[in-house]
Amino acid sequence: MDAQYNLVVATHTINRNDRNALSRIAIETKKNLGVETFTALVDKGYHNGREITKCKEENIRTIVAYPTLVNSNENGTTKDYLVANFTYNEEADTYQCPQGEMLRTTGKWHKKTRERDSYDFKKYRTPSCKECPVKSLCTSRKDGREIERSQYAGAVEENNQRYRENGQLYRKRQEINEHIFGTIKRQWGYNHTNLTGLEKVNGEHSLIMLVYNIKRTINILGVPELIAKLKNWKSPYKAKACFVFRVTCFAFILAPLENRLTVAA
């Protein structure tokens with residue numbers, strides 16, 4: 001959803017975890033808008049290091065709410081010793097714990113594969129843990145605290161910092177995109193799909209988004225100006241597809257209001 005006009009700028013229907021869906025829809029949005037960069041406000045269900053990194057590589061600025069992270073061993077870790085309280089030094093590639101000790105890495109990369117994703121990471125440790133007076137508050141590991149830093153940690157930390165610094169902006173996320181679902185589900189009664197199969201459902205859902213955008217554009221521009229813009233539109237699509245699209249749009253726009261509402265529902 002575009003924040004300025006509340007228009008749908010890209011839409012996907014997926015049958016996989018949201019965590020792995022961010023970069024694809026963000027890159028498509030950038031292409032559809034024809035911009036060099038934009039800021040994406042995204043629900044924390046999409047917080048994934050690989051996806052955030054891909055967005056960064058495409059010059060897309062993400063502000064994704066993040067879950068509270070502990071580390072690879074949650075047992076025995078109290079609030080004051082969460083990973084967030086350890087300071088990372090990029091130049092030295094070390095972590096400083098709340099007690100002032102340095103956790104270092106051998107530089108070796110390890111691979112972790114999970115059902116939802118996989119990534120490479122390095123381990124950080126310090127021998128000082130064995131003599132630390134607050135070890136029981138930090139970890140239950142016999143050999144002391146161990147922190148894992150993934151290959152995507154840099155991009156994730158930048159995103160998390162933006163989230164902390166832009167709380168007021170991020171709160172607009174629900175205002176921008178949640179109302180469209182209320183309109184479609186509550187006012188139009190579209191609370192399920194009539195077709196089955198991902199490809200057909202994508203087509204059905206895209207048509208609903210198109211109807212929403214047309215109705216929204218009529219509210220913004222009015223029918224005469226919308227028709228004028230459609231007539232002057234230089235379509236990137238093939239002529240046949242363009243012709244069908246324009247005819248469909250004009251038929252929809254020029255239909256009586258009650259018919260338009262019936263089609264939209």
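All figures in this text were calculated on a predicted structure; none of them were measured in a lab.

> Got a sec to walk through the state of the cysteines? Specific residues and values, please.
Taken as a whole, this structure holds zero disulfides when the rule is applied. Its sulfur unpaired, Cys97 is 6.3 Å from the next cysteine sulfur, which belongs to Cys132. Note on Cys132: relative accessible area 23%, which makes it partly exposed.

> Outline the packing of helix H1 (residues 22-33) against helix H2 (residues 49-57), supporting the account with residue identities and numerical values.
Where H1 meets H2, the closest approach of the two axes is 8 Å, and the angle between their N-to-C directions is 20°. Judged by the angle between their axes, H1 and H2 are roughly parallel. By crossing handedness, the relation of H1 to H2 is classed as right-handed. Contact residues: Leu22, Ser23, Arg24 and Ala26 in H1; Glu51, Ile52, Lys54 and Cys55 in H2. Counted by class, the contact of H1 with H2 contains four nonpolar, one polar and three charged residues.

> Please give an account of the sheet that holds strand E7 (residues 118-124) that cites residues and values.
One open sheet holds the three strands; their spatial order is E6-E7-E8, and the pairing between them is antiparallel. Each of the sheet's edge strands pairs with one partner strand only, and the pair in question is strand E6 (110-113) and strand E8 (147-150). Neighbour-to-neighbour, the strand axes of this sheet turn through a mean angle of 45°, independent of strand direction. Here four bridges tie E7 to E8, and the two strands are oriented antiparallel to one another. The residue bridging Lys123 from the neighbouring strand is Glu148, located in E8.

Rules used throughout
- Residues numbered from 1 in each chain as written.
- Predicted model: local features only at pLDDT ≥ 70, side-chain atom pairs only at ≥ 80, totals over all residues.
- Heavy atoms only, no water.
- Disulfide = S-S within 2.5 Å.
- Buried < 20%, exposed > 50% of the residue type's maximum accessible area, 1.4 Å probe, protein only.
- Axes fitted to C-alpha atoms, helices over the stretch in contact; angles between N-to-C directions.
- Helix = DSSP H or I, 4+ residues; strand = E, 2+ residues; numbered from the N terminus.
- Parallel < 35°, antiparallel > 145°, perpendicular 65-115°, else oblique.
- Left-handed = near helix turned anticlockwise from the far one by under 90°.
- Contact = heavy atoms within 4.5 Å.
- Nonpolar A, V, L, I, M, F, W, Y, C, P; charged D, E, K, R; others polar.
- Pairing = 2+ DSSP bridges.

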